[in-house]
Amino acid sequence: MEMIPHVAKARRRANPYLDLGSYDPEADLMVLNLGPQHPSTHGVFRLKLYLDGEIIVKVVPFVGYLHRGVEKLCEKLTMVQLIPIFDKNDYVSPMMNEQSLVMAFEALLGIEVPRRARYVRTLLAELQRIASHLLWLGAFAMDLGGALGGGSTLFMYCFRERELILDVFEDLTGCRFHYNTHMIGGNRHDVPAGWATKVHAAINAIETRLPEYETFLITNDIYIERTRGVGVVDGQLSMDLGITGPVLRAGGVDHDLRRDAPYHCYDEIEVRVATATAGDCEARAAVRMAEIRESIRLVRELIDNIPEGPLGARKPIKTPLAEKATQGHAYAAVESPRGELGIYVIGGGDNKGASPYRLKIRAPSLHVLGCLPYILPGHSVSDAVAVLGSVDPIMGEVDR
Amino acid sequence: MNPWLRGLIYAVVVTNVFLTITAWSIWFERKFSGRMQSRLGPTFYGPMGLLQPVVDGIKLIQKEFLIPINADRLLFVIAPPLTVVLALGTAAVVPFGADIIAADLDIGVLYLLALGSLTIIPVWMSGWSSNNKYAMLGAMRAVAQGVSYEIPLVLASLVPVILAGSMSLSDIVRFQIKHGWFAFWPPGPGFFAFLFFLPASLAEANRIPFDIPEAESELIAGVSTEYTGMGFGLLYLAEYLHTLVISAVASVLFFGGWDGPFAPGLHWMVLKTLGLFAGIFWVRWSLVRFRSDQLMSICWRYLVPGGLILVMSAGLWVHFHRGGG
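Residues numbered from 1 in each chain as written. Chains lettered and ligands numbered in written order. Predicted model: local features only at pLDDT ≥ 70, side-chain atom pairs only at ≥ 80, totals over all residues. Heavy atoms only, no water.

**Focus on helix α12 (residues 281-303) of chain A**
- Its 23 residues give α12(A) an end-to-end C-alpha distance of 33 Å, which sits within 8% of 33 Å, the value for a rise of 1.5 Å per residue.
- Taking burial as the measure, the 23 residues of α12(A) include 17 buried ones, the bulk of the element. (Helix = DSSP H or I, 4+ residues; strand = E, 2+ residues; numbered from the N terminus. Expected span 1.5 Å × (residues − 1). Buried < 20%, exposed > 50% of the residue type's maximum accessible area, 1.4 Å probe, protein only.)

**Quick word on the pairing of strand β6 (residues 329-336) of chain A**
Residues and elements named next belong to chain A.
- For β6, the tally of buried residues reaches six of eight residues, placing the bulk of the element in the interior.
- Note: β6 against strand β7 (residues 339-346), eight bridges, orientation antiparallel. Counterpart to E335 in the pairing with β7 is E340.
- Here β6 hands over to β7 after two residues, the two strands then running antiparallel side by side. (Pairing = 2+ DSSP bridges.)

**Considerations on the interface of chain A and chain B**
- At the interface, 47 residues of chain A touch 31 residues of chain B.
- Taken over both partners, the interface formed by chain A and chain B buries close to 3100 Å², and the fraction arising from carbon and sulfur atoms is 58%.
- In this assembly, chain A and chain B are joined by two salt bridges.
- For the pair chain A and chain B, the interface holds twelve residue pairs in polar contact (both at pLDDT 80 or more).
- Secondary-structure elements contributing two or more residues to the side of chain A that touches chain B are α1 (5-9), β1 (29-34), α5 (115-145), α6 (150-173), α7 (195-218), α8 (221-227) and α15 (381-391) of chain A.
- Among the elements that line the side of chain A that touches chain B, the one with the most residues is α6(A), at seven residues. (Contact = heavy atoms within 4.5 Å. Buried area = accessible area lost by both parts, 1.4 Å probe. Salt bridge = Lys/Arg side-chain N within 4 Å of Asp/Glu carboxyl O. Polar contact = N/O pair within 3.5 Å; in protein donor to acceptor, adjacent residues only side chain to side chain.)

**Observations concerning the domain arrangement of chain A**
Residue and element names in this part refer to chain A.
- Domain assignment breaks chain A into domain 1 (5-62) and domain 2 (70-399).
- Counting the surface lost from both domain 1 and domain 2, the interface buries some 2300 Å², and carbon and sulfur atoms represent 67% of this.
- Where domain 1 meets domain 2, there are zero salt bridges.
- Summed over the shared surface of domain 1 and domain 2, the result is three residue pairs in polar contact (both at pLDDT 80 or more).
- Secondary-structure elements contributing two or more residues to the side of domain 1 that touches domain 2 are α1, β2 (46-52) and β3 (55-62).
- Ranked by residues supplied to the side of domain 1 that touches domain 2, first place goes to β3 with five residues.
- Residue classes in the side of domain 1 that touches domain 2 are distributed as 15 nonpolar, five polar and three charged. (Domains from an automatic or database assignment. Nonpolar A, V, L, I, M, F, W, Y, C, P; charged D, E, K, R; others polar.)

Spelled out as structure tokens, the structure:
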């Protein structure tokens, strides 16, 4: 089936600052508040949609319903106390949050992380990426197919697979979700005996089931109808808005921090970055599926080659005031499943310098949401839900 | 026997049987979807959760029936019972055996289609009277979809009517007992008519992948967004009832109704109906849904022209095979 007119029209970039005064006030322009309580806004996101029939004319996104004041909290708590707080930011990939934070603190304090700890961190990051993308796949299917339909079937399957990775994490850290496994200067939990076998088993199980999910969703005709040409975020728009991660790569921009600004031990291994050119929902999904496969490959490569050596640059820290920085500033960024997750920190705050003076989180999801006013006009309400699902925002990290 | 008394008895029996089957079909679907999704489904009440529909019913009856302050009270209240009445009304002409039929109308198929198309009206009533934007969007979609899919549904149902030369459902079954099921004989029109009938009737009953009127990921719950308690329960029940009737009608029109060896006709009819019913569940729990405009284009571009061709081919078959009939 060829492109229907209003979708084709949406390829032209809409003007998000469109003045609604240009519309006939007598015309039936309906305002629909999609969210903050809505099944498919991934939390508490609100989209104010101006609808002409079912076609979106203008979009105003509202964020902040999940604001918890994390950045302000960072100025009161000490650096050591902050790490478990950061698990709750992007609650789908807590490992990445911890890593970006400790990397910023390590840069601030000038601490060199041992090679073994860097390997373990890379491993955890890649496992977390698989888990996060699996959750995205399930949630995306649910957005397309509904909680009471085929979507929820794939959702269940994806959660079953994600469970395997959470089990592996639980073996390592004792926690299923809020790990607190990273310390400034190293890792807290060493790899237990026999862990590599479990990781291999989990990864193999996921890899054998991935084709099944692709048959279920990605190659399904209805899915292709729903996603092809829908919500095109081209590379230029992404770069204008500071969008990173799979959304940027799906628009044809080959950018990945793991390869372009290596951290951890990414300089020692080769990362094959997946890209697509179309920039629509289908391309974003394809990039994420390729990233799952790439992460599986990286985990296989890493798990058997963890070098010997100490896991931390020093003994485990016992007191909250142990780490102090009286001055300086640092920025560290990791490639989280959603894009560049950066932490900018200025040292020398409260508690005699044990707290940061100021800490800024550069959350990839926030930047991604900025594209919605540009790409949604011209689409229908159903497409808005599909686009929102495909850009994979996590409101915990958007609102902080 | 007094025909009025007979009608009353049949009405009571049909209503109760259909409502009971529907209640337990909800249990069946939950169990079925649970197994599909590597879950257990209901397990708490009764063996294998068999009493779940009873508990659900009690829960829904206990809940308050809220009427939004700006709702159109009259329409809001009468819409849910009306959907159930219409869905049950269609059940009256479905033959479950050679003599097990509430009303053997000469125009059974016409009656069925007429009542089926009426179900759009209470849906629109509930969506409009809720005074809720999501409900109204859902109702708009439901009407557009219902009106469009009415046509392929009628065209697909016409094929067995033409082949059997009768609009009475029991006559259609008797013809199939004599000449073979329409899904298999004559090769072509009957089978393709079934392939057209199924999506069109799924769209009429608002089942995935055609359930855009209540697409819960987009429209919360579509027309039933503002309904609580038994109002919601009835809308929910009507949807299942509609699906059940569709399965029964499809098995009558295309799979020979009560025709089958070894066992009494009723058994075969129930078996075929539940088989199709399970097939519909299977589709529901494995597909994602279309967008509303795609749904329309499927209907008008493929199903309507295809249906016309099918009707024509059925007519030609009758003309040539039976020498002008």
